[in-house]
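# Survey of secondary and tertiary structure
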Amino acid sequence: MNTESVEGRRTLAWLIVAAAGVRAAFGIFVAIDAYLKWQPGFAAHYAGYLQNAANGQPPWLTPWFHFWIQLVSPRTGFFILATRLIETALAIGLLFGIARRLTYIAGASFSLLIWSTAEGFGGPYTSGATNLGPALLYALVFVGAALFEGFLGPSPYSLDYYIGRWFPKWRSVAEWKPKRIWPEVRPAFDWDHQLGAIGAIIVVLALALSTLGSATNTSRSPATPANAAAAVSPLKLAATTVSPLSMATAGQTTRRALPILPPLIGDGADVNINLVATDATIEIVNGVQYQAWTFNGTVPGPILHVREGQTVHVKFANNGMMQHSIDFHAAQIDWSVAYRSINPGEKLEFSFVAQVPGVFIYHCGTPPVLQHIGNGMYGAMIVDPLKPLPPAAVSYVLVQGEWYTQQVDGKLMTGDYNKMLAVTPDEVVFNGIAFQYKDNPLQAKVGQRVRIYFVDAGPNLWSSFHIIGGIFAAVYPDGDADHALTGVSTYSVGPGQGVVFDAIMPHPGKYPIVDHSMRDMEIGAAGLLNVTQ
Ligand SMILES: [Cu+2]
């Protein structure tokens, strides 16, 4: 354009004002984002969001996400600080127009990195997702702003302009064409008009971006609590509303062995336990699979049965894809040593004396623990008391847990960390599979004492344990004979707690065993006790 004519100068001046307005408006967005990054919630959930993004991705992306998880997991502190500093620098660079060339390059690269790691590629590249993802939009805005300002040349609405006049070498980080002749500031119109224009551009962009943001967040599916939770999350993920229960195969559930209390691991003073953290695809309701993180390939992990006073020697190996650990509620031990996280391929050994009888959870304690328990890393340890409970004719072990899912493909699900945070489970289950004891009931005889060792693994919900048509003959909170309660119909078991329930059914029949929290019963926490003559 002819910048010598008054008309040409006026047009150029307007475009430079517009570019400054776009940059400042975007700077406000990035500044808000940077502020949120400095909040404690970001640090607390950083690893969870990264792993959440890795879930539900197509198989060809698996190596990329595993590379990042391996890189970031042992060094989350560094990556959290780096993210905070980069975002803050970007916000300052945009708002004040400092080192704009560097800011745009760093901003676009950083947004692409977020898009392809923490955000999980967003976009129509994963099952069930159609949104572009804010990180990709951010990258496009950085590129667009760079092109716009590169075309227009030096902008008097930037600190770069004044630093460059005082210290010319600065122009190489500030401008796309640093050799261009820097004009004197010759405003073609007064400051009132220019500031008014910048303000108007900021308002228009704010409205446009917020509309766009809400459109990309809600375009995929009808509103549900889970979607609402995902929409307010600082990082978007490709969650779907497909429920595993809605995809369950009709008909008889696969028959599995009933969860009968196994014999003691050993009779002597010492027992050995081998546990391996390993990824496994398991069934969570008839015909629907879930990519779980497990102990020894099952959810719950193996039932560990020992006796009060025995010394338990634990060998723990990590064959998973990220750090894991093991935490025994039956132990009294320096947790910072015994329960420390180990890397894939590493092993860990420790011993403890099972001094306190009862029924206890064991679980992975690697942050975010919510995600590790939520993905299936839990099990039950029973420590028989020296002063025995009344003899039972039959003993079962039920471990209650919750599944928070997103669809990978078809009837294959994976974990959804945002749902875990929002406590919106898709299933609440006994021993990993919804409704499995409806088709394959626990068995007892009339008048027999039937014992249920019960653990609520959570990770989040209390269980209000009840047998419909029955009153427990005894309830032993924590599984200790000295804690016996009688005449209890329904008893609360908190996340991480274990309780022993004794039932003696006076009449034959099929008695529902439920979590009396009705929602949880509807979504899987229901089975049957079949009492025969
Ligand atoms: Cu773990």
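We now turn to the structure provided with this report.

Reading the values: the criteria
- Residues numbered from 1 in each chain as written.
- Predicted model: local features only at pLDDT ≥ 70, side-chain atom pairs only at ≥ 80, totals over all residues.
- Heavy atoms only, no water.
- Pairing = 2+ DSSP bridges.
- Helix = DSSP H or I, 4+ residues; strand = E, 2+ residues; numbered from the N terminus.
- Axes fitted to C-alpha atoms, helices over the stretch in contact; angles between N-to-C directions.
- Patch = residues over 30% accessible without salt bridge, like charges linked within 9 Å, V, L, I, M, F, W, Y side chains within 5 Å.
- Areas by Shrake-Rupley, 256 points an atom, 1.4 Å probe, with all protein chains shown as cover.
- Salt bridge = Lys/Arg side-chain N within 4 Å of Asp/Glu carboxyl O.
- Donors = N, O, S within 2.8 Å, 3.2 Å for Na, K, Ca; no water.
- Tetrahedral: all angles 85-135°; square planar, octahedral: opposite > 155°, others 65-115°.
- Buried < 20%, exposed > 50% of the residue type's maximum accessible area, 1.4 Å probe, protein only.
- Contact = heavy atoms within 4.5 Å.
- Expected span 1.5 Å × (residues − 1).
- Bend = angle between axes of the 7 residues up to and from the residue.
- Phe/Tyr/Trp six-rings, centres within 6.5 Å; stacked < 30°, edge-to-face > 60°.
- Polar contact = N/O pair within 3.5 Å; in protein donor to acceptor, adjacent residues only side chain to side chain.

Glancing now at the sheet that holds strand S11 (residues 412–415). Read across the open sheet, the 6 strands follow the order S6-S4-S1-S2-S11-S10; overall the sheet is mixed. Edge positions in the open sheet fall to strand S6 (347–353) and strand S10 (405–409), since each of these has one partner strand only. Direction aside, the axes of adjacent strands within the sheet are offset by 35 degrees on average. Summarising the sheet, strand S2 (residues 288–295) and S11 pair through 2 bridges and their orientation is parallel. By the bridge assignment for S11, tyrosine 290 is matched with methionine 413.

Right, let's get into a nonpolar patch on the surface. On the surface, Ile28, Ile32, Tyr35, Leu36, Ile92, Leu95, Phe96 and Leu159 cluster together to form a nonpolar patch covering roughly 730 Å² of accessible area. Breaking the nonpolar patch down by element, the ones donating at least two residues are helix H1 (6–37) and helix H4 (76–96). Sorting elements by how many residues they give to the nonpolar patch places H1 first, with 4 residues. Relative to the helices and strands, isoleucine 32 resides in helix H1.

Right, let's talk about the coordination of the copper ion for a bit. Those donors, His324 (ND1), Cys364 (SG), His372 (ND1) and Met377 (SD), are the protein atoms that reach the copper ion, and they lie 2.0 to 2.6 Å from it. Note that the copper ion binds 4 donor atoms; their angles at the metal cover 84 to 135 degrees, and the shape is irregular. In the primary structure, the donors to the copper ion are separated according to the pattern H-x39-C-x7-H-x4-M. Of the two residues, histidine 324 sits in the loop between strand S4 (311–318) and strand S5 (327–328) while cysteine 364 sits in the loop between strand S7 (358–363) and helix H12 (369–374), which places them 40 residues apart along the sequence.

What follows concerns the sheet that holds strand S13 (residues 442–445). Taken in spatial order, the 5 strands make up an open sheet running S13-S20-S19-S15-S17, and their pairing is mixed. What marks the edges here is a single partner per strand, and that holds for S13 and strand S17 (490–493). The average angle at which neighbouring strand axes cross in this sheet is 25 degrees, direction not considered. In the sheet, S13 pairs with strand S20 (residues 526–532) via 4 bridges, with the strands oriented parallel. Counterpart to leucine 442 in the pairing with S20 is leucine 529.

The next subject is the side chain of lysine 37. Considering the arrangement of structural elements, one finds lysine 37 in helix H1. Overall, the relative accessible area of 7% leaves lysine 37 in the buried class. For lysine 37, the contacting residues outside a window of four places in its chain are Phe42, Thr83, Arg84 and Glu87.

Turning next to helix H2 (residues 40–54). Here H2 contains 15 residues, and its C-alpha end-to-end distance of 22 Å stays within 8% of the 21 Å for a straight helix at 1.5 Å per residue. Maximal helix bending in H2 amounts to about 50 degrees, located at tyrosine 46. Three or more residues of H2 are buried, namely Phe42, Tyr46, Ala47, Gly48, Tyr49, Leu50, Gln51, Asn52, Ala53 and Ala54.

Before going further, it helps to examine the environment of proline 154. Structurally, the position occupied by proline 154 is in the loop between helix H6 (134–152) and helix H7 (159–166). Sequence spacing of proline 154 and glycine 164 is 10 residues, and the spatial spacing of their C-alpha atoms is 9.6 Å.

Tallied over the full model, the rule gives 26 aromatic pairs. With centroids separated by 4.3 Å and ring planes inclined at 35 degrees, the aromatic side chains of phenylalanine 454 and phenylalanine 465 adopt a geometry described as tilted. Of the two residues, phenylalanine 454 sits in strand S14 (residues 449–458) while phenylalanine 465 sits in strand S15 (residues 463–467), which places them 11 residues apart along the sequence. For the pair phenylalanine 454 and phenylalanine 465, one class covers both residues: buried. When the centroid spacing of 4.6 Å and the interplanar angle of 40 degrees are considered together, the rings of phenylalanine 472 and phenylalanine 501 count as tilted. Pair noted here: phenylalanine 472 is in the loop between S15 and strand S16 (474–477) and phenylalanine 501 is in strand S18 (residues 498–504), with a separation of 29 residues, a long-range link.

You can see serine 341 is positioned in the loop between helix H11 (335–338) and S6. A relative accessible area of 27% places serine 341 in the partly exposed class. For serine 341 and threonine 366, which are 25 residues apart along the polypeptide, the C-alpha to C-alpha distance reads 5.9 Å. Dropping the residues within four chain positions of it, serine 341 is found in contact with Gln323, His324, Ser325, Thr366 and Pro367. Within the local environment of serine 341, its side chain forms a polar contact with the side chain of threonine 366, the two groups lying 2.8 Å apart.

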